[in-house]
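Listed below, chain by chain, are the residues.
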Amino acid sequence: MLRFGLSSSPVTLDPRFATDATSSRINRLIYRRLVEFDGSFTPIPSLADWQRITEQHYRFTLKTQGRDFHHGKRLNAVDVKATYDYILAKNNASPHRATLALIARIETPDENTIDFFLNKADPLFPGYLVIGILPAKLIQQGHTFNRQPIGSGPFEFSKWPEDSRVMLSRLRDKQKLEFIRIPNPTVRVLKLLRGELDMIQNDLPPELITYLAKRSDIKIIKGEGSNFTYLGFNMDDPLVGNHAIREAIAYALDRESIIKYVMGGAARPASAMLIPDHWAGNPGLALLEYNPEKAKMLLANAGYDTSNPVKITYKTSSDPFRIRLATVIQSQLAKVGINVDIRSYDWGTFYGDIKSGQFQMYSLSWIGIKTPDIFQYVFHSESVPPNGANRGHYANPVADKLIKVAQQAGNLDAMAVSYKMLQSHLLETLPYVPLWYEDHVFVSRSDLEGYTVAIDGNYDALVDVQRRIRSN
Amino acid sequence: MLKILVSRLLSTLVVVFGVACIVFLLIHLVPGDPVEVMLGESAQQADREALRSALGLDLPIHTQLLNYFNGLLHFDLGVSLHSKRPISEELLERIPATVELAVASLLIAIMIAFPLGVIAAVRKSTIWDSSAMTISLLGVSIPNFVMGPVLILIFAVQLGWFPVSGREGFASLILPAITLGTALAAILSRMVRSTLLEVLNEDFVRTARAKGLSETTVIWKHALKNAMLPIITLLGLQLGVLLAGSIITEIVFSWPGIGQLTIESIKRRDYPVVQACVLLISLTYVVVNMLTDLAYSWLDPRIREGNL
């Protein structure tokens, strides 16, 4: 038995409804998808190859591998159609419907071919087809996939005896795998030390990681991540709506030191929402410079100094680590004459305030961003909530134009050019002050072998994990 | 007796109705939205609207309240917004864990508190008294979130006697029960000491001693039994607290009880589950209080005969 410690349980093992990270990661083990992403987040074939027949017609051809459902039936085109038809049906209220709403209809000429006809051209379309495929017949019968999932992935579901424990079995060698939720990070580490857990990924405070790194019975693997942490601002606010103030904040932050001393080195500084390696990312962007003198000068030009300091309210969640980061940022900003008042709230309240635009400055992370259509959602002037996530009411004609040009591009290369320009424009206008991409940290017993950390933090490498057999 | 029971039941209904209303309104007033929490950052507006109407959250609040009470009348607590499972099922999964931990902790508290309290009272103002009370002061001042990990570090990681956390058999019950039990024992032993001291000056104790009874019989049988009323009250209250789920201890030990369920559902604004949990907790209090009253009348004939 291999045991994996989690900070939160999966909510549902039905990929048509799963939105939280834990559920999605476990679902990836149980189900297979039509499309995957490579290291630069370019869509690549998984269950199926595809060709673009016209701008609004994509043909997917199922490959021979990975098509055996755990209940013994074979995965065919009808299963793909049934899965996506279910999501598209309005009364099923799937959270993924809006992303896929550009699908006009789905046809299955034979058991290996699926034709997707779209309402409008979108070169990003294959990248949207990442939902695990379910057996059509069971969908029809209303099978409870959320508690008894059946897919065609490398792991078969065994049991979910209580909320905090999910058990899977690896098809290849019948290796049992158990996900156990232990909410308290210290206890999770103690469980690992005593051998009640074999591995943990993320959600550990840096001091615990430093402590674990010194032990010979523990192994730590760090891998670069793509989760983007930033400071967001309310552009309607007279103070932080002022570009000079935001620029001063950017100059006042010593991100290198925060990463080194507060985060235990487990992050890399960011200049944009997409990592530089992303196919639409911009590796040419310079990192924001740490220059407190320049920050002071900017503030002085705006009419502020230590006798008349800038006063900003900074909202963050009640997570202890986030509060600690906030206090470090607070003290760095204080040095240039910006007084920060930190308000931390429980997640529901904090998130509610951010959504409704009740903030001056806040920090948050974007998790699991894969396709650049996110820019429209976050920075277009029409995406102010409830239409999108432009919570700071950023309205910039140049940005709007660049987004539009990117959307009208006929292929990914042309699209990437516009999105690169957009990202450098965002770095100049600073609706967000980009902070860093957080690394994924995998901690295991030292006899565990074969795990590699994925850039989006998925658990796919569990397929290869093995306990080394001691030879003595 | 029957009359007491009936009037108690009626007042229980009123209390539960009040609690249900207040909780319903408060949880809907608190900022935050279950749909937002469930869908996360990159959800589209259409998704949210669809989910909101699928969950019935787009109805006016009084309609939601009526639907809720309608469900309650049919003993239907509803379905969790988050996991889509019937709430009664989720509660039934959690109740045994909470009851088990509550009973075990209370037993440990009693086992520690009575000897400590009695020693402190009988040997008042000696070194025995002050050390017993110091121990109890320590117990009450060390918070559970410190006590728990310290116990785990010593007894699970170093000595390897018990599992670190989780609910896997009897051994895993011991550390959380000690964590909770020692904190309760602290208050309880002080209560035992002070009530026993009062009783020890009463005439009937003097009489018992004069009769030539042994000191052990005098203390444990005569004095302690008469000192029991306030202690029972406190025990009842403590049992109520324990049955309501001990959030911190449950989280430290990953104990799958009511406390953990409550706090998680509050975090994700899972309204029906929070309502069900609070309803259960208030019902537990009412029942425990009723049992405490019954225990009074069993202990004290004056109450039983209605002369007091």
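Residues numbered from 1 in each chain as written. Chains lettered and ligands numbered in written order. Predicted model: local features only at pLDDT ≥ 70, side-chain atom pairs only at ≥ 80, totals over all residues. Heavy atoms only, no water.

Enquirer: Explain the domain arrangement of chain B to me, please; I cannot follow it from the model alone.
Expert: Many analyses report the size of an interface as the accessible area lost when the parts associate. When its domains are assigned, chain B resolves into domain 1 (2–73) and domain 2 (94–268). Placing the centre of domain 1 of chain B and that of domain 2 of chain B at their C-alpha centroids yields a distance of 36 Å. (Domains from an automatic or database assignment.)

Enquirer: Would you take a moment to explain helix H10 (residues 215–226) of chain B for this structure?
Expert: In a regular helix each residue adds 1.5 Å, so 12 residues correspond to 16 Å; H10 of chain B covers 15 Å between its end C-alpha atoms and thus fits that length. In this fold, the buried residues of H10 of chain B make contact with helix H5 (87–122), helix H8 (171–200), helix H9 (203–210) and helix H11 (228–243) of chain B. (Helix = DSSP H or I, 4+ residues; strand = E, 2+ residues; numbered from the N terminus. Expected span 1.5 Å × (residues − 1). Contact = heavy atoms within 4.5 Å.)

Enquirer: Sorry if this is basic, but what is going on with the pairing of strand S6 (residues 103–110) of chain A here?
Expert: In the case of a regular strand, side chains alternate between the two sheet surfaces. All names here are of chain A. Bridge count between S6 and strand S7 (residues 113–118): 5 bridges; the pairing is antiparallel. The residue bridging Ile103 from the neighbouring strand is Leu118, located in S7. Hairpin remark: S6 followed by S7, antiparallel, with 2 residues in the connecting loop. (Pairing = 2+ DSSP bridges.)

Enquirer: Please clarify how the environment of Tyr345 of chain A should be interpreted in this entry.
Expert: Residues and elements named next belong to chain A. Mapped onto the fold, Tyr345 is located in strand S15 (residues 338–345). You can call Tyr345 partly exposed: its relative accessible area is 23%. In contact with Tyr345, other than residues within four places in its own chain, are Lys315, Thr316, Ser317, Ser318, Phe350 and Asp353. (Buried < 20%, exposed > 50% of the residue type's maximum accessible area, 1.4 Å probe, protein only.)

Enquirer: Help me understand the packing of H5 of chain B against helix H14 (residues 271–299) of chain B, please; the structure alone is not making it clear to me.
Expert: Each pair of packed helices can be summarised by the angle the axes make with each other and by the distance between the axes. All names here are of chain B. Between H5 and H14, the shortest axis-to-axis distance is 10 Å and the interhelical angle comes to 50°. It follows from the interaxial angle that H5 and H14 lie oblique. The interaxial crossing formed by H5 with H14 has right-handed handedness. For the pair H5 and H14, the contacting residues are Ile87, Glu90, Leu91 and Ile95 in the first and Pro272, Val273, Ala276, Cys277 and Leu280 in the second. In the contact of H5 with H14, the residues fall into 8 nonpolar, no polar and 1 charged. (Axes fitted to C-alpha atoms, helices over the stretch in contact; angles between N-to-C directions. Parallel < 35°, antiparallel > 145°, perpendicular 65-115°, else oblique. Left-handed = near helix turned anticlockwise from the far one by under 90°. Nonpolar A, V, L, I, M, F, W, Y, C, P; charged D, E, K, R; others polar.)

Enquirer: Explain the pattern of salt bridges here, please?
Expert: It is possible for side chains of opposite charge to pair when their charged atoms get near one another. Residue and element names in this part refer to chain A. Tallying each qualifying case throughout the model produces 33 salt bridges over all chains. Note that Asp14 and Arg16 form a salt bridge whose closest N and O atoms lie 2.7 Å from each other. In this structure, the salt-bridge partner of Glu224 is Arg268, at a minimum N-O distance of 3.2 Å. One end of the pair, Glu224, is in strand S12 (residues 218–233); the other, Arg268, is in strand S13 (residues 267–269), with 44 residues separating them in the sequence. Here Arg268 falls in the buried class, since its relative accessible area comes to 16%. (Salt bridge = Lys/Arg side-chain N within 4 Å of Asp/Glu carboxyl O.)

Enquirer: In this structure, what is going on with the nonpolar core? I would like to understand it.
Expert: Here is a general trend for soluble globular proteins: nonpolar side chains tend to be buried in one another's company. In terms of nonpolar packing, the biggest core is built from 65 residues, with Leu34, Phe60, Tyr84, Phe116, Phe125 and Trp366 of chain A touching the most fellow members. Setting aside residues up to four positions removed in sequence, Phe125 of chain A forms contacts with Tyr58, Phe60, Leu102, Ile103, Phe116 and Leu118 of chain A. Judged by nonpolar contacts, the second largest core, of 40 residues, contains Ala109, Met228, Leu235 and Tyr296 of chain B. (Core = buried A, V, L, I, M, F, W, Y, C linked by side-chain atoms within 4.5 Å.)

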